[in-house]
Amino acid sequence: MAVFSHADFADHEGVYFAHDPESNLRAIIAVHSTVRGPAAGGTRFWRYESDEAALTDALRLSKAMSYKNAAADLPLGGGKAVLIYPEGEFDRVSLFEAYGRAIDRLGGTYITAEDVGVSPEDMDIIHSQTKYVAGLSAGEAASGDPSPVTAEGVFRGLKAGVKHIWGNDDLSGKTVAVQGLGHVGYALCEKLHAAGAKLFVADINDEVLERAKMSLNATVVDIHDIHAQEVDVFCPCALGGALSAQTIPEIKAKLIAGAANNQLASPEVMPLLEKNGITYLPDYVLNAGGIINVAAEVSGKYSLEWVEQKLVGLEATISEILKVSEGEGVTTLQVANRIAEERLKRG
Ligand code: NAD
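Quick summary incoming for the structure in this document. Along each chain, the written sequence defines residue order, and numbers are assigned to residues from 1. Local features in this predicted model are restricted to residues whose pLDDT is 70 or higher, and side-chain atom pairs enter the listing and the counts only when it is 80 or higher, whereas totals over whole chains, interfaces and linings include all residues. For side-chain calculations, the full set of non-hydrogen atoms in the structure is used, while hydrogens and water are omitted.

1. A few points about the pattern of salt bridges
Salt bridges are counted wherever a side-chain nitrogen of Lys or Arg sits within 4 Å of a carboxyl oxygen of Asp or Glu. Per the stated rule, a full pass over the model turns up twelve salt bridges. Between Arg-26 and Asp-51 there is a salt bridge, with the nearest N and O atoms lying 3.9 Å from each other. Linking Arg-26 in strand S2 (residues 25-33) with Asp-51 in helix H1 (residues 51-71), this pair joins segments that are 25 residues apart in sequence. With relative accessibility at 38%, the residue Asp-51 sits in the partly exposed group. Residue Asp-115 is joined to Arg-44 by a salt bridge in which the shortest nitrogen-to-oxygen separation is 2.6 Å. Of this pair, Asp-115 sits in the loop between strand S6 (110-111) and helix H3 (120-127) while Arg-44 sits in strand S4 (residues 43-46), and the two are 71 residues apart along the sequence. By relative accessible area, Asp-115 is classed as buried at 17%. A cluster of three or more residues bridged by salt bridges with shared partners is formed by Arg-44, Asp-57, Lys-80 and Asp-115. Secondary structure elements follow DSSP: runs of H or I of four or more residues count as helices, runs of E of two or more count as strands, with numbering from the N terminus. When accessible area is computed with a 1.4 Å probe and restricted to protein chains, residues below 20% of their type maximum are described as buried, those above 50% as exposed, and intermediate ones as partly exposed.

Put into structure tokens, the structure is as follows:
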């Protein structure tokens, strides 16, 4: 399996393979950069079709964490780990204990948190073996569920986008389509509703739709049509890939501001957004509230004031990205990447 010549190897500082035959642990911990601090990023527990696919995921996700953490101006580098879901029977506690020991052996180079397929209970098991874990539910510095902070960051960035386009950040009378009413999406809807926006929502979960209809006066629309609503703002808050060559021509919103990771189906669709006059707020900048919350825990002393200061910074970064993008005629994604790359170089 190619590592150094892998297409997604991006000068990673280290790629660690952990194996424990007793528990069936097979993990890849990719450390992209520790220039700004310990490499931080979640652990993904997933069924991969091959070891190569797992490595590709770890390499790409860890680089993305370097960019996200740098754009949020956090004292953290970028890393990510993937655990290959074992074939057949396995003991989850033994597996996560072995994984915790593997993280511990790295001595703080990598700090983990939750990602897809991993629960707070799994984090507690990891914590029984190492201190290099964040996003815990209990303990002195525990930061708990990051979703409310993610929603707050998206809300503030969205308002900066509204101000850029419409001249002020007043949301009363604005129409907003929200795709996905999960932990982040629903909290975002509550904020938008409180600010006077009219909501259009879609989800695959009827219960949450009913709640949004009753409590937030939201209009429920089909999941296949949510992106195509006649609205001012579209917020992808479900899975990745909402912005594709198929969906973009149907989008009528002027602003895209959502929490979902990897909203662009591929980087090649970015010019299509430009061509259609749609302003896109880069996902990894906008949804950094969660990692900001985790960073507060990593510092050892969770502080609401520190989180608030970083959220103010997030909003300022979004405003700066919009200003530079307009001034220089380059895409918002290009500006965001440039900010992150400059900070990664500087350390
Ligand atoms: P979640 O699982 O709580 O919510 C996702 C919601 O999307 C669910 O309600 C689900 O039913 C719905 N959904 C799934 N498929 C859908 C479809 N085709 N159409 C409409 N709705 C659909 O997840 P979350 O924690 O709210 O995260 C949402 C997104 O934001 C994810 O992409 C996640 O990676 C990203 N994100 C989350 C955080 C965080 O703090 N939770 C931080 C950064 C990024």
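Picking up where we left off.
2. Some thoughts on the pairing of S2
Counting buried positions over the nine residues of S2 gives eight, a clear majority of the element. For two strands to be treated as a pair, DSSP must find at least two bridges joining them. If you look at the hairpin formed by strand S1 (residues 14-20) and S2, you'll find four residues sitting between the two strands, and Asn-24 has a positive phi there, around 75°. When S2 meets strand S5 (residues 77-84), the two strands line up antiparallel, connected through six bridges. Paired with Ala-30 across the strands is Lys-80, a residue of S5.

3. Some points on the packing of helix H9 (residues 289-298) against helix H10 (residues 304-328)
Every axis corresponds to a line fitted to the C-alpha atoms, with the helix fit spanning only the stretch in contact, and the corresponding angles, defined between N-to-C directions, vary from 0 to 180 degrees. With their axes 10 Å apart at the nearest point, H9 and H10 run at an angle of 150° to one another. Between H9 and H10, the angle is such that the two are roughly antiparallel. As H9 packs across H10, the resulting crossing turns out to be right-handed. Residues Gly-289, Ile-292, Asn-293, Ala-295 and Ala-296 of H9 touch H10, and the partners they reach there are Trp-306, Val-307, Lys-310, Leu-311 and Leu-314. Throughout, the term roughly parallel applies to angles under 35 degrees, roughly antiparallel to angles over 145, roughly perpendicular to angles from 65 to 115, and oblique to all others. In this scheme the crossing of two helices becomes right-handed for a clockwise turn of the near helix relative to the far one and left-handed for an anticlockwise turn of less than a right angle. Residue contacts are defined here by distance: any two heavy atoms, one from each residue, within 4.5 Å place the two residues in contact.

4. Some remarks on the site of the ligand
Proximity criterion: a residue is near a molecule or strand once any of its heavy atoms comes within 4 Å of it. The environment of the ligand is made up of 18 residues, and the closest members are Thr-150, His-183, Val-184, Asp-203 and Ala-238. Here a polar contact means two N or O atoms within 3.5 Å. Within protein one must be a hydrogen donor candidate and the other an acceptor candidate, and residues neighboring in sequence count only if both atoms are side-chain atoms. At 2.6 Å, a side-chain N or O of His-183 approaches an oxygen atom of the ligand. Contacts to the ligand include Asn-261, whose side-chain N or O atom sits 3.0 Å from an oxygen atom. Only helix H4 (147-166) and helix H5 (183-194) provide two or more residues apiece to the shell around the ligand.

5. A look at the packing of aromatic side chains
By convention, a stacked pair of Phe, Tyr or Trp rings (six-membered ring in the case of Trp) has centres within 6.5 Å and planes under 30 degrees apart, an edge-to-face pair has planes over 60 apart, and any other such pair is tilted. Under the criterion given, the structure shown has six aromatic pairs. On the basis of an interplanar angle of 85° and a centroid distance of 5.5 Å, the ring pair of Phe-45 and Phe-96 is categorised as edge-to-face. Of the two residues, Phe-45 is situated in strand S4 and Phe-96 in helix H2 (residues 92-105); the sequence distance between them amounts to 51 residues. Phe-45 gets classed as buried once you look at its relative accessible area, which sits at 3%. Ring geometry for Tyr-67 versus Tyr-284: centroids 6.3 Å apart, planes at 80°, classification edge-to-face. One end of the pair, Tyr-67, is in helix H1; the other, Tyr-284, is in helix H8 (residues 283-286), and 217 residues separate them in sequence. Looking at Tyr-67, the relative accessible area reads 12%, which means it is buried.

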